[in-house]
Amino acid sequence: MKRFAFFPGCLIPVRYPAMEYAIRYTLPRLGIEIVDLEGASCCPDPIYFKSKDKLSWLAVAARNLTLAEDLGLDVFTNCSGCTATLSETYHLLQDEALRAKVNERLKRIGREYRGTSRVRHIATVVRDEAGYDAVRDSVVRPLEGLKVAIHYGCHLLKPSRIMQVDDPNNPTVMEHLVTALGATPVRHRNWYLCCGKACQTDEIPSNMMRDLLSTVSDVQADILGMICPTCFGQFDFGQMKVSQQFGEDFHTPPIYYFQLLAFAQGMPYQKLGVERHRFKPECLRRFETAASPAQTE
Amino acid sequence: MSKAPGDQGDLVRVNFDFRRELARKVEGNLAGFCYQCGACVGDCPATTYGSDFNPREIMLKVLYGLGEELLVEDSILWQCTNCYNCHERCPQDVKPVEVIISLKNMLADLGIYPGPVEKLINMVETTGRTTPLNPAVDRQRARFDLPPLPPVPMEEIRKLIEPASDAQSSPPEAGNPKAES
């Protein structure tokens, strides 16, 4: 087992515990041990709190990283926003002057940031530590014929020199992870678009989401594969809102990748926690009764 | 178009005070490297799907020091989607999105936030999370065999986010990150 400190952030443990449940179900099956971080706070969020004062934002983020440093472990996150904050902090605090300034603040609480724990996004932990083959081998319920429109979102990939996850112009990590489930990734014309959550007007996110969902409909995807909980909200509640606003009938159910993986690994549909989703991934039910030749449990 | 000699009515006078203050923010000094090529515009979703937002124009206003056009209620800065495409595309490493966030830090110094933004910041400052805990959250978590979430050690967070006591009196040295503390 490879051990990683788990930084859960706010949105998943508070609003979407089913996603956390799926993470805790799937990672051990891929040989990854989750070590909980005691005393973690909000990352803090890279949109709002960062807008108030970047230095306070760095100080709180650095405190979270020191918790992983205390354990001598690299840290992984399950939210692209948390990854953005913690990765950017790790990157910016390589600057000695800025690090000294942040450590001045950390000294107030008897802590020191040393930069010894790397920050990883959960998708890259699976890719680099377990590997796509291990994902494929863990699947007992191949999702054959399921067309998944992947939404990468922004902060998983950009800024690429800081995130160091994949090529932002032509990423492949999620395609490989979806293919490993036996499903078929479908890339639509607007695959690279933002979810619009951070924008403080209605016009821009609505227009963008309408354009994006039209192309998802065009490629007849069965499901939207999400890797960020904030994007998920935009495609769940947001999809309903945009449909009403423009008189459209968008209805592609979004699901967090690790819930899809959990289902492919044999988790019952009822345990996915999709009752509260505006768009239920009923299309998955046909796989529940499918024969499972790879069944080992 | 003719003008009397010495009539500079249409000339923009660069407000260096504004630029110096912006430069005191983390990465706020980067706009100085902008040569107005517009690479940030083509991939900007707020430009594509909105009607007013243009990151190149915002950088130009910063270069001129036109703070009074940017640091206002309902500032156009809040239309930024924070997608980081401009950060990715800029040939000069200006990181327009980071300059915009530094400008928002200046707005915050003036106490100007959109309502939803202020609400979230307050939430983090008082609870350590963007999303509030309540008994229903713990019940939801229990359904998935997850333990209740522990409270965040707020005493530590409060100490961390308190501004340095001498922050106001520091000399305005552009681009020098040591200038603030």
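On a predicted model such as this, the values are computed, not experimentally measured, just so you know.

S.K.: Teacher, can you tell me more about the overall build of chain B here?
M.R.: Counting its secondary structure elements, chain B contains ten helices and zero strands. Of all intrachain contacts in chain B linking residues separated by at least 6 positions in sequence, the fraction that spans at least 24 positions is 66%.

S.K.: Would you mind showing me how to read the nonpolar core here?
M.R.: Proteins that are soluble and globular tend to have nonpolar side chains buried together. Residues and elements named next belong to chain A. Counting 141 residues, the largest nonpolar core has V75 and M226 as its most contacted members. Here this core gets nine residues from one element, more than from any other, and that element is helix α4 (residues 54-71). Two domains share this core, each providing at least three of its residues, namely domain 1 (2-122) and domain 2 (141-287). If near-sequence neighbours (up to four positions away) are discounted, M226 is found in contact with H151, C231, F232, F235, P254, I255, Y256 and Y257.

S.K.: What exactly am I supposed to notice about the domain arrangement of chain A here?
M.R.: Residue and element names in this part refer to chain A. Per the domain assignment, the segments of chain A are domain 1 (2-122) and domain 2 (141-287). Here domain 1 and domain 2 have C-alpha centroids that lie 24 Å from each other. Tallying the contact residues gives 21 residues for domain 1 and 20 residues for domain 2. At the level of secondary structure, the elements contributing two or more residues to the side of domain 1 that touches domain 2 comprise α1 (11-15), α2 (17-26) and α5 (80-92). Looking at the side of domain 1 that touches domain 2, its residues break down into twelve nonpolar, seven polar and two charged.

S.K.: What's the story with the sheet that holds strand β5 (residues 147-151) of chain A in this structure? I'm lost.
M.R.: Strand pairing within a sheet occurs via backbone hydrogen bonds; the two strands may be parallel or antiparallel. All names here are of chain A. Ordered by their spatial adjacency, four strands build an open sheet running β6-β5-β7-β8, and the pairing between neighbours is parallel. Unpaired on one side and paired on the other, β6 (184-186) and β8 (254-256) mark the two borders of the sheet. Across the sheet, the mean angle from the axis of one strand to that of its neighbour is 40°, orientation sign disregarded. Note that β5 and β6 share three bridges and pair parallel. Residue pairing for β6: A149 is matched across the bridge by V186. The strands touched by helix α13 (residues 257-264) within the sheet are β7 (223-226) and β8, with β8 carrying the most contacts at an inclination of about 80°.

S.K.: I tried to follow the environment of I161 of chain B on my own but got confused; where do I start?
M.R.: With respect to the helices and strands, I161 of chain B occurs in helix α10 (residues 154-161). The class of I161 of chain B is partly exposed, set by 19 C-beta atoms lying within 10 Å. The sequence separation of I161 of chain B and I121 of chain B amounts to 40 residues, and the corresponding C-alpha distance is 12 Å. I161 of chain B has contacts with S56, A59 and V60 of chain A together with E125 of chain B, leaving out every residue within four places of it along the chain.

S.K.: Could you clarify how one ought to interpret the interface of chain A and chain B in this entry?
M.R.: In many analyses, interface size is given as the accessible surface area lost on bringing the parts together. Listed per partner, the contact involves 52 residues of chain A and 48 residues of chain B. Listing elements by their share of the side of chain A that touches chain B, those giving two or more residues are α1, α2, α3 (48-52), α4, α6 (96-107) and α11 (203-218) of chain A. Partitioning the side of chain A that touches chain B into residue classes produces 28 nonpolar, ten polar and 14 charged.

S.K.: Please clarify how the pairing of strand β1 (residues 2-7) of chain A should be interpreted in this entry.
M.R.: On a regular strand, each side chain points to the face opposite its neighbour's, so the side chains alternate between the two faces of the sheet. In this sheet, strand β2 (residues 32-36) of chain A lies alongside β1 of chain A in parallel orientation, the contact comprising five bridges. Considered in β2 of chain A, the bridge of R3 of chain A is made with E33 of chain A.

S.K.: Just to check I follow, could you spell out unusual backbone geometry for this structure?
M.R.: Most peptide bonds take the trans form, and the phi angle of most residues other than glycine is negative. Residue and element names in this part refer to chain A. In this chain, C43 is followed by P44 through a cis amide linkage whose omega measures -5°. Positionally, P44 belongs in the loop between β2 and α3. At the junction of K158 and P159, the peptide bond is cis and its omega measures out at 0° in the coordinates. Summarising the element assignment, P159 is placed in the loop between β5 and α9 (160-163). Although it is not a glycine, Q164 sits at a positive phi angle of roughly 50°. Residue position: Q164 is located in the loop between α9 and α10 (173-179).

Reading the values: the criteria
Residues numbered from 1 in each chain as written. Chains lettered and ligands numbered in written order. Predicted model: local features only at pLDDT ≥ 70, side-chain atom pairs only at ≥ 80, totals over all residues. Helix = DSSP H or I, 4+ residues; strand = E, 2+ residues; numbered from the N terminus. Contact = placed C-beta atoms within 7 Å. Core = buried A, V, L, I, M, F, W, Y, C linked by C-beta atoms within 7 Å. Buried ≥ 20, exposed ≤ 12 C-beta atoms within 10 Å, placed from the backbone. Domains from an automatic or database assignment. Nonpolar A, V, L, I, M, F, W, Y, C, P; charged D, E, K, R; others polar. Pairing = 2+ DSSP bridges. Axes fitted to C-alpha atoms, helices over the stretch in contact; angles between N-to-C directions.

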